[in-house]
Amino acid sequence: MFRLNLKIALRNLWKNKTSSFINVIGLAIGLAACLMLLLYVTYEWNFDKQAKEAANVYTTMTNIEGDNRKISGTFEGSVTAFGPAIKAALPEVMYTARMDYGKENLIANGTNAFKCKSKFAETDIFKMYDYEFIQGSAKTALNNPNSILLTESTAKLLFGSTDVLNKVVRFKDKYDLNITAVIRDQAENSSNRFDYLMPWSFYESIDESAKSINWGNYSYITLFRLKENADLAAVNQKIMAVIKNNTRNDFQTQALFPLSKLHLYGKFEDGKSIGGAIEQIYLFVGLAFGILLIACINFMNMATAKSEKRAKEVGIKKTIGANRTSLIIQFLTESMVLTFIAVVIAIALLELSLPAFNHLLNINLGISYFNAASWTGILAIVLATGLIAGSYPAFYLSSFNPVQTLKRKIGSKGQWSVSLRQVLVVGQFCFAIILIVATLVIYRQIQYIKNRPVGFDINALVEIPQDGQLKGKYELFKNELLQSGAVSAMFQSSVSLSHHGSNFMDVAWEGMTKPTNTVLFNQVATTYDFIKTNGIKLTDGRDFSKNFASDSVGVLVSASAVKVFGYKNAVGKTMSAFGDKYHIIGVFDDYVWDSPYKSNNPMVVFFDPGRTGYITMRLNETNSLQSNIETITKITKGINPAFPVEVKFLNNLYLEKYNAEKTLGILSNLFGGLAIFVSCLGLFGLVAYSAEQRTKEFGVRKVLGASVANLMQLLSLSFLKMIAVAIVIAIPVSYYAMGKWLIKFEFHTDISWWIMPVAAVGTLLMALITVSFQAYKTAKANPVDALKYE
Amino acid sequence: MIKIEKLEKVYKTEEVETTALNGIDLYVKEGEFVSIMGPSGCGKSTLLNVMGLLDKPESGSYKFIDTELLTLNDRERSNFRKRNMGFVFQNFNLIDELTVFENIELPLIYNKVPATERKKLVNEIIERMNIVNRSGHFPQQLSGGQQQRVAVARALVTKPKLVLADEPTGNLDSSHGNEVMELLCELNETGTTIVMVTHSSHDASFSNRIINLKDGHVISEKVNKSRNEELI
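Note that the structure is predicted; figures quoted are calculated from it, not measured.

The subject of this paragraph is the domain arrangement of chain A. Residue and element names in this part refer to chain A. Split by domain assignment, chain A resolves into domain 1 (2–43 + 279–448 + 661–788), domain 2 (54–262) and domain 3 (461–657). Carbon and sulfur atoms supply 61% of the area buried between domain 2 and domain 3, which totals about 770 Å² over both sides. Summed over the shared surface of domain 2 and domain 3, the result is two salt bridges. The partner of Asp467 in a salt bridge is Lys115, and the shortest N-O contact between them spans 2.5 Å. At the boundary of domain 2 with domain 3, the tally comes to two residue pairs in polar contact (both at pLDDT 80 or more). The class makeup of the residues in the side of domain 2 that touches domain 3 is three nonpolar, one polar and five charged.

Bringing the packing of aromatic side chains into the picture now. All names here are of chain A. Counted according to the given criterion, the structure contains 35 aromatic pairs over all chains. Ring geometry for Tyr392 and Tyr396: centres 5.7 Å apart, planes at 25 degrees, overall stacked. Within this pair, Tyr392 and its partner Tyr396 are both found in helix α12 (residues 372–398), separated by four residues, close to a single helical turn. Residue class for Tyr396 comes out buried when judged on its relative accessible area of 12%. An aromatic cluster is defined as three or more aromatic residues linked by ring pairs; in this entry it consists of Phe120, Phe171, Tyr175, Tyr196, Trp200, Phe202, Tyr203 and Tyr220. Here the guanidinium or amino end of Arg452 rests over the ring plane of Phe747, the centre of that ring lying 3.6 Å away. Sitting over the ring of Tyr567, Lys573 keeps its end group 5.4 Å from the ring centre.

All names here are of chain B. What the six strands build is an open sheet, ordered β6-β7-β8-β3-β9-β10; its pairing is mixed. Looking at the sheet topology across the chains shown, the edges are occupied by β6 (85–88) and β10 (217–223). Across this sheet, the average inter-strand angle for adjacent strands is 20 degrees, counted without regard to direction. Pairing geometry for strand β3 (residues 33–37) and strand β8 (residues 193–197), over four bridges, is parallel. Within β8, the residue paired with Phe33 across the bridge is Ile194.

Reading the values: the criteria
- Residues numbered from 1 in each chain as written.
- Chains lettered and ligands numbered in written order.
- Predicted model: local features only at pLDDT ≥ 70, side-chain atom pairs only at ≥ 80, totals over all residues.
- Heavy atoms only, no water.
- Domains from an automatic or database assignment.
- Buried area = accessible area lost by both parts, 1.4 Å probe.
- Salt bridge = Lys/Arg side-chain N within 4 Å of Asp/Glu carboxyl O.
- Polar contact = N/O pair within 3.5 Å; in protein donor to acceptor, adjacent residues only side chain to side chain.
- Nonpolar A, V, L, I, M, F, W, Y, C, P; charged D, E, K, R; others polar.
- Phe/Tyr/Trp six-rings, centres within 6.5 Å; stacked < 30°, edge-to-face > 60°.
- Helix = DSSP H or I, 4+ residues; strand = E, 2+ residues; numbered from the N terminus.
- Buried < 20%, exposed > 50% of the residue type's maximum accessible area, 1.4 Å probe, protein only.
- Lys NZ or Arg CZ within 6 Å of the ring centre and 35° of its normal.
- Pairing = 2+ DSSP bridges.
- Axes fitted to C-alpha atoms, helices over the stretch in contact; angles between N-to-C directions.

Following this line, the structure appears as structure tokens:
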């Protein structure tokens, strides 16, 4: 029976090549899009979930206390005292590991030197992550303070092989470390990635603040592995008690949060996770199945449109003994066969397009062909697709009464079936239109943010990290560069101009009414020429100057800081930070740093030559860019030979800030386009079928004098009406949805009036082209051929 | 073998009600070959459909060897049909996607006959119908007469007690038509009961008994003496 049904299915496919092609290609595209999105979703979903014990690993979050004992912000970070204190006090804690956030640092094998991501960690990190050791073992890897663990690719980068046990590498051009282990590269969807790992004991020996056990410096990550089934709420309660004992603070400054959830649920409000990237994941899952559903609808529509042809077969089979169940099974078999063919093509399409997709999103996705789970997933999707696509036709077709099917015509008269088909087409195009509108709005929003003035001219600015000799020999470096003419001005600062993230709250000002400040401030430490180089607008006062010895206790403050202070004429007034008093010598306009989507914290710029970090330079624009960069590289290399020269352009650094929304933009563009294409494919199929049905009618009409235009109108109108209905439904829905999306951004564009007409006319136009192509072909056909047809 | 009493069937549309069968009484003996004749719209096809359990009447009784069939549910009707009845249609109604062999095999599959026996049965009937060299062809590749032979073969392969034929020669020229009628007669002679709807008195002359229908009533019945004598 199955074999026979299969035969009928295959022969049917072969006989109706156009509709089979539309069905298979449509389904294949839908499945490929669905699988691709699901790959991406899986990648995101599995963030930090690779290790066996991942579910029991927690990271420490710090809450910032705001007004009225509310939590004004939450970030991942902790103090050095936290880990040991909690482990000693809580029986639920099995292991704890402190580590730093990781940094690009110099690592060298002789002259073979690279900047790679370093990390320091306590050895219990091996109890949380399942690193796969190629050389050495977890037991011995980080026991000695002078030891270092490399990843496979770092070992290959430095030595060209992984056989490097007991060889020596030089860290930061200062410390010689002994390689004790090599591990396989960590999964890309992992938060705590590094290129090389060093023991915490070594960190303590080179960094005073890491060594001091304190409750005030929130600059470290602390991971915990709790016993299985530990109650997180109870653990956090106990933690509160420990904090209170140690700091006399009755505010819950720190709490544990599952590490495997941080990536997707990393948005906190009032100390509680309220979502995050998971919203995008839901969106993509919706998109994936939406496209697949569109393809399934094509299938259903084609199948029911063809019901007249299939009805006869149903009738015959019923008279010679088939019951409804066997017919339903037959039609489902047919859709399963089709879906199976489609999924094979889909996997081929996926393989072809994945490299480009990976390149677009800058990730590395692939199908794991030897993974049972991925095959189970694909199989489940195939079965579900076959079932969804096949069920309606199967139940519809198998319900035919044999006498009617064999004696009378059936199909076009079934009012219900036609209207359902119309509903499905309208639904398809609704989805397509909503996607077009979404794409346009997302694109406009990205443009809007990009065009928002940064506050200074970023185009001629470059920055380099202030490494090695560039710290001590900064003045020499500055003189050489200015003399060379490549640079017109430069300054050193504790943080990059585009990214700060150095917050503090210990601020007081004249006439302050509150006992303590509750506004988070940002700090930058710099020396001379800060304003001269970056060109940020000074609204009052002046830049730091060598002419005023008192400038060492001077500060520049941002306009928003002045607003917090409540000063009328800020210059000349004082403020204090960390217990020291400072004179305000200048006020500058707020500029964009960190996230361009929200307004930034008030900022205080201190004068401190000791806090180095980055050097920012304004290029001399009378020279060519290339010669400027060559000169800078040469001079840098001359002063600081051990480090590679990394010149970064400020405008590129600002571009990187749009990545998250760029991904969203790319995905909505790509899959919106696909959704429309598959919808049009279905429409094409329906029109082609409808034209075939009416060949004779058209022939007669032509003989009676109908023009090509008449006939095209006749065939197209009913389809275009459906698109019109879809537009009427989709426009308000998308207006509402995109309005909600935009509101999430502090700075956002409006939905321009022209977006809706553009989406509507665009869709209508595409549908019109699809329909008229077939309509024209039919209408132009020789009437005699049409009449001979029957 | 068949006893039909007071059968009524009404077709309803939004505007009109058409009474297709208006209290028909009918009996068919085992081994008989009965023709049903009458003008268009007299209800003869409806009667055949009811007898084939393809359609349900409003009221009446239909007994098949003492089993009342009108009270059966869909599944039981379908089962009864596939075990006891075979159909031959005017427009052949072969499945275009299946070969001659597969078309004939289909009812056996629905009757869950094992594969080896199916093959044997189909080959036997193909030989008997003289279409051996056509068994791998698709219906469109055959002439009308050949298609109807395949349809008859399909109706017979399950060895049904009753064969229902609806204008079996309607789409055939006279020589092919005669071939099919002779086939039916041969079949009847081996003991199969046949009920045939026809317009043609020539075709009807092959049967034992001719029933005339008009407006849903039986208006006359005629025993075909020549044929009966032949039998004796």
